[in-house]
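Chain and residue survey
Next come the chains, spelled out residue by residue.
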Amino acid sequence: MSDDPIISVRGLRNSFGEHVVHENLDIDVNKGEILGVVGGSGTGKSVLLRSIIGLQEPDVGEISIFGERIDCATAEENLDLRRRWGVLFQNGALFSTLTVAENVQVPIREFYKNIDESLLCEIATFKIVMSGLHGDDAPKYPSELSGGMRKRAALARSLALDPVLLFLDEPTAGLDPIGAASFDNLILELKEALGLTIFLITHDLDTLHTICDRVAVLADRKVIASGTIEELLALDHPWIQEYFNGPRGRAAMAAKG
Amino acid sequence: MSLEADFTELDEGGERVVRFSGRLTIARLGDVPQRLDVLEVRPVRADVSAVDRVDTVGAWILHKLKRDYGAEIVGASDFAERLIRQVTIADDPAKTHHDDESHLRRILQNVGEATIDALSSLKGLLAFFGGLLIATGTVLRHPGRLRLNAVVQRFETVGVSALGIVGLMSFLIGIVIAQQGAVQLRQFGAEVFTINLVGRITTRELGVLMTAIMVAGRSGSAFAAQIGSMKLAEEVDAMRTIGVPPMEALILPRVLATTLLMPLLGFYSTVLMIIGGGLLCWIGLGIPPETFILRLREVVPMTDLWVGLLKAPVFGMIIGLAGCYQGMQVRGNNEEVGQRTTAAVVQAIFLVIVLDAFFAVFFSSVGWG
């Protein structure tokens, strides 16, 4: 059971009109790992994420999460799946009319109506602090936060229901290098503490080197390779070589030592 | 064994122990938190060895037991230990909610805030009007900077597309005025004065006023929403950095369009109201159209038309100004766009009616009554 992949995608095909984004795409995410997904712009990283979390219906293909096919799941099973994962959208997608604390409380209120108000406040506060914000930020509105703080607040919301699976869409995009590094550490720390499995889309080579256990490369409409960075480097694919051996790739590798 | 979280209080060697069972997770908590808040005897130990799963919320509850009662937690798995450590670090006594204030105080505060808001909004509108005048001056000195295309485009959305709805509304209002007037005047045998009523009230007041309300609802709101969304998407800032003044590119064409089109729409509306009223006089009172028109020419002085047409551009300017001003005030979130759009319509209609009252006094004192 524990050896089965948490997410398994087989033969996925996605298209928008004439434009085919994915064709015969396979990908697995194993329990307890951080899988980084990379690929050039327009290779459909976000579309892949949206297919897995059910926001985009694929043309064909099987997607299983926790061993259950999501396309065959009933509405109730789907809801149950949703409690077990958290999603951090690229721009946070915080509800702009709610405070940070209220944002974190939304999923809890939705699923667990029996939790009383004072405990709800406490839960929201410690989740917010756990995500690297200050307790004083809880009553603030998203528009009062900086980009990095907004990401942390969104992370707090995605952790609200203690998910076992976390989807992160470019978590460090738009952060300064210091902020990005500390966000990487935060993800790693939370993953260790909460026993998370993480599906991570990123362009950040430092993130790939520091926190990802495995990296999957999206190109030519499918996952052309996946494995540790060392394994990928051994492959002779021009895009992979350019990606990891370009000036930025080498700098990131050197930084890791 | 039940999955629901539960606990029992025991005495072990004179020490009070809380023994948990089931799953200490958010889904299985039940009434455990409430019961823990009102423990009568301070526990020395919390035994969680019988608990089969803990999540962060469960860890938080254990942490509170430790923090509030000083209880020692025993029998926790490695994972539970780690979670408890994590939430202990994350315990920040900051408040998520503001203190509740007294009722009276809150009412007073609301009244005060509303007053300040209203005054500062009026002041802001005046400042905005000033800015617009400066922009107009600049454009007058450099006529090449007038965005003629934008103005003409607004003409279509503000004027031409409004013809249908304004016409229908006016026609129906004309019928209603004539009908209501006829019913009342019939009691004095003075039905023929329905023509005076319809002719004078529509040219002086209702034609322009009703059009203003319609334009405020159609175009004023649209201005606020358009400019508000552009503001949120930082398009307005982008314009400024490129060197395109938003006053000239966004606001002047819109205000110009409403100012120039209000007299036209108002006149059109007046004509349709008179047609509606005339139709009712013909069908309901048996006054033939020729008589209606002849009588209209006798009883409606030319000054009535001037009164209506002089007010129209002022109302148009107010509507455009309020719409653009509220749009430019949008900042922060999407809900603000909605609020500002509402504010634009309310402010525009309110100011139009206030000004209308001033105009009434003014025109009657210059002898155009």
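The name given to chain B in an unreviewed UniProt entry is Phospholipid/cholesterol/gamma-HCH transport system permease protein, with Parasphingopyxis lamellibrachiae as the source organism. Its UniProt record, at the heading Sequence similarities (unreviewed entry), says of chain B: "Belongs to the MlaE permease family."

Taking an unreviewed UniProt entry as the reference, chain A is identified by name as Phospholipid/cholesterol/gamma-HCH transport system ATP-binding protein belonging to Parasphingopyxis lamellibrachiae.

1. Focus on the sheet that holds strand 5 (residues 68-69) of chain A
Residue and element names in this part refer to chain A. As summarised here, the arrangement of the four strands in space is 2-1-4-5, forming an open sheet in which the pairing is antiparallel. Single-partner strands in this sheet number two, and they are strand 2 (19-29) and strand 5. In the packing of helix 1 (residues 45-52) onto the sheet, contacts are made with strand 1 (7-16), strand 2 and strand 4 (60-65), and the angle to strand 1 comes to roughly 120°.

2. As for the interface of chain B and chain A
Contacts between the two partners involve 28 residues from chain B, matched on the other side by 30 residues from chain A. Here chain B meets chain A over a buried area of about 2500 Å², counting both sides, of which 63% is carbon and sulfur. There are one salt bridge connecting chain B and chain A. Two residues, B:Lys64 and A:Glu122, come together in a salt bridge whose shortest N-O distance is 2.9 Å.

3. Section: the nonpolar core
Ranked by size, the top nonpolar core spans 83 residues in total, and within it A:Ile108, A:Ile115, A:Leu155, A:Leu208, A:Phe244 and B:Phe20 carry the most contacts. In terms of nonpolar packing, the next biggest core, distinct from the first, is built from 41 residues, B:Ala249, B:Ala322, B:Cys324 and B:Val352 among them.

4. Details of the packing of aromatic side chains
Within this structure, the stated rule accounts for eleven aromatic pairs over all chains. Judged by centre distance (5.9 Å) and plane angle (90°), the rings of A:Trp85 and A:Phe167 are edge-to-face. Separated by 82 residues along the polypeptide, A:Trp85 in strand 6 (residues 85-88) and A:Phe167 in strand 7 (residues 165-169) bring together distant segments of the chain. Of the two residues examined, A:Trp85 and A:Phe167, each falls in the buried class. Of the aromatic side chains, those joined through ring pairs into one cluster are B:Phe315, B:Phe359, B:Phe362, B:Phe363 and B:Trp368. The ring of A:Phe95 has A:Arg157 lying over it, and the distance from NZ or CZ to the ring centre is 4.6 Å. Looking at B:Arg295, its charged tip hangs above the ring of B:Phe193, at a distance of 5.9 Å from the centre.

5. What about the UniProt feature "transmembrane region" (unreviewed entry) in chain B?
Here, UniProt's "transmembrane region" (unreviewed entry) annotation points to residues 122-140, 160-178, 260-285, 305-325 and 345-368 of chain B. The straight-line gap between the two end C-alpha atoms of residues 305-325 of chain B is 30 Å; of that span, 100% is helix and 0% is strand.

Calculation criteria
Residues numbered from 1 in each chain as written. Chains lettered and ligands numbered in written order. Predicted model: local features only at pLDDT ≥ 70, side-chain atom pairs only at ≥ 80, totals over all residues. Heavy atoms only, no water. UniProt positions renumbered as here; feature names shortened; annotations may be inferred. Pairing = 2+ DSSP bridges. Helix = DSSP H or I, 4+ residues; strand = E, 2+ residues; numbered from the N terminus. Contact = heavy atoms within 4.5 Å. Axes fitted to C-alpha atoms, helices over the stretch in contact; angles between N-to-C directions. Buried area = accessible area lost by both parts, 1.4 Å probe. Salt bridge = Lys/Arg side-chain N within 4 Å of Asp/Glu carboxyl O. Core = buried A, V, L, I, M, F, W, Y, C linked by side-chain atoms within 4.5 Å. Buried < 20%, exposed > 50% of the residue type's maximum accessible area, 1.4 Å probe, protein only. Phe/Tyr/Trp six-rings, centres within 6.5 Å; stacked < 30°, edge-to-face > 60°. Lys NZ or Arg CZ within 6 Å of the ring centre and 35° of its normal.

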